[in-house]
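Spelled out, the chains give:
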Amino acid sequence: MKIIPLSEGSFTVDGTKKFVPFDPAKDNLKDRPAGSLLVEVQPFVVITEKDILLLDTGLGFTMPDGTLQIHHNLMQAGINPMEVTKVLMSHLHRDHAGGISKEDAVLQQRFLSFPNATYIVNKQELEIALSKLSKSYAIDDVSMLAETDKLQLIESEGVIDDYIFYEWTGGHSPWHQAFWIKENNETVFFGGDVAPQLFQMKTKFVTKYDFDGKLAADLRVKWWEQGQKENWKFLFYHDIKTPVFSF
Ligand SMILES: [Zn+2]
């Protein structure tokens, strides 16, 4: 399997949940509000024998010329966004789901960013996003997706096409899910925001931004041990330095 990280850059995020671009060469973390986290925003493409998989969709920001940043990044990697066959969503917070669709400024209409792909989403995660109970969700993207036939709702745990394994994890958001892509004795693991950064795997601690921090911490310990035994490749969506890690 070929793995391509599609970094959208580094950002700080604080209690307002707004992602503010951060340039390590120019910006100082001390100038940002207290408690700000420094994170990468980094969707992944995994090319398998059957699919071009996209793992989460990024912030949905646009380049100065109006191109969606994730489209730009895909094309830089030699992939036409029309070729993406499946979009696997860990959860629907804005930094992961903002690139699901894009509003066309001229037509004033929203279009799916990956029109030939099936978007694979946890059913309850979609319901909670649509309920508008939390401001963390990409509500415009999610509402639009819910009205299309490109949505495949999944629940609990299971397998797609005999090689994409998924499991409801909770932890970060109540209905967050993780994916294991298994092909030719290789396992690529995407733990979304329950396993977002390498250092979090190595030190057991409970974060304040998780829905159930204790569960998320326990899952990281479990996955770190199992991944080491089974030789998983870890994909870290928010890691500044290490997008892909294998033992
Ligand atoms: Zn996130």
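Residues numbered from 1 in each chain as written. Predicted model: local features only at pLDDT ≥ 70, side-chain atom pairs only at ≥ 80, totals over all residues. Heavy atoms only, no water.

### Considering the coordination of the zinc ion
Ligation of the zinc ion by protein atoms is provided by Asp-95 (OD), His-96 (NE2), Asp-193 (OD) and His-238 (NE2), these donors lying 2.1 to 2.2 Å from the ion. The coordination sphere of the zinc ion comprises four donor atoms, whose angles at the metal cover 88 to 160°; the geometry is irregular. All donors to the zinc ion come from one chain, and their sequence spacing reads D-H-x96-D-x44-H. With Asp-95 in helix H2 (residues 94-97) and Asp-193 in the loop between strand S15 (186-190) and helix H5 (198-202), the pair connects residues that are 98 residues apart, well separated along the chain. For Asp-95, a relative accessible area of 6% corresponds to the buried category. According to the relative accessible area criterion, Asp-193 is buried, its value standing at 5%. (Donors = N, O, S within 2.8 Å, 3.2 Å for Na, K, Ca; no water. Tetrahedral: all angles 85-135°; square planar, octahedral: opposite > 155°, others 65-115°. Helix = DSSP H or I, 4+ residues; strand = E, 2+ residues; numbered from the N terminus. Buried < 20%, exposed > 50% of the residue type's maximum accessible area, 1.4 Å probe, protein only.)

### Points about the pairing of S15
Here S15 lies mainly inside the structure; four of its five residues are buried. Across five bridges, strand S14 (residues 177-183) lies against S15 in antiparallel orientation. The residue bridging Phe-179 from the neighbouring strand is Phe-190, located in S15. In textbook terms, the turn of a hairpin is the stretch between consecutive antiparallel strands, and for S14 and S15 this stretch comprises two residues, one of which, Asn-184, has a positive phi near 45°. (Pairing = 2+ DSSP bridges.)

### Things to note about the UniProt feature "domain: Metallo-beta-lactamase" (unreviewed entry) in the chain
Under the UniProt annotation, "domain: Metallo-beta-lactamase" (unreviewed entry) lies at residues 40-238. Between the first and last C-alpha atoms of residues 40-238 the distance is 4 Å; the span itself is 26% helix and 27% strand. (UniProt positions renumbered as here; feature names shortened; annotations may be inferred.)

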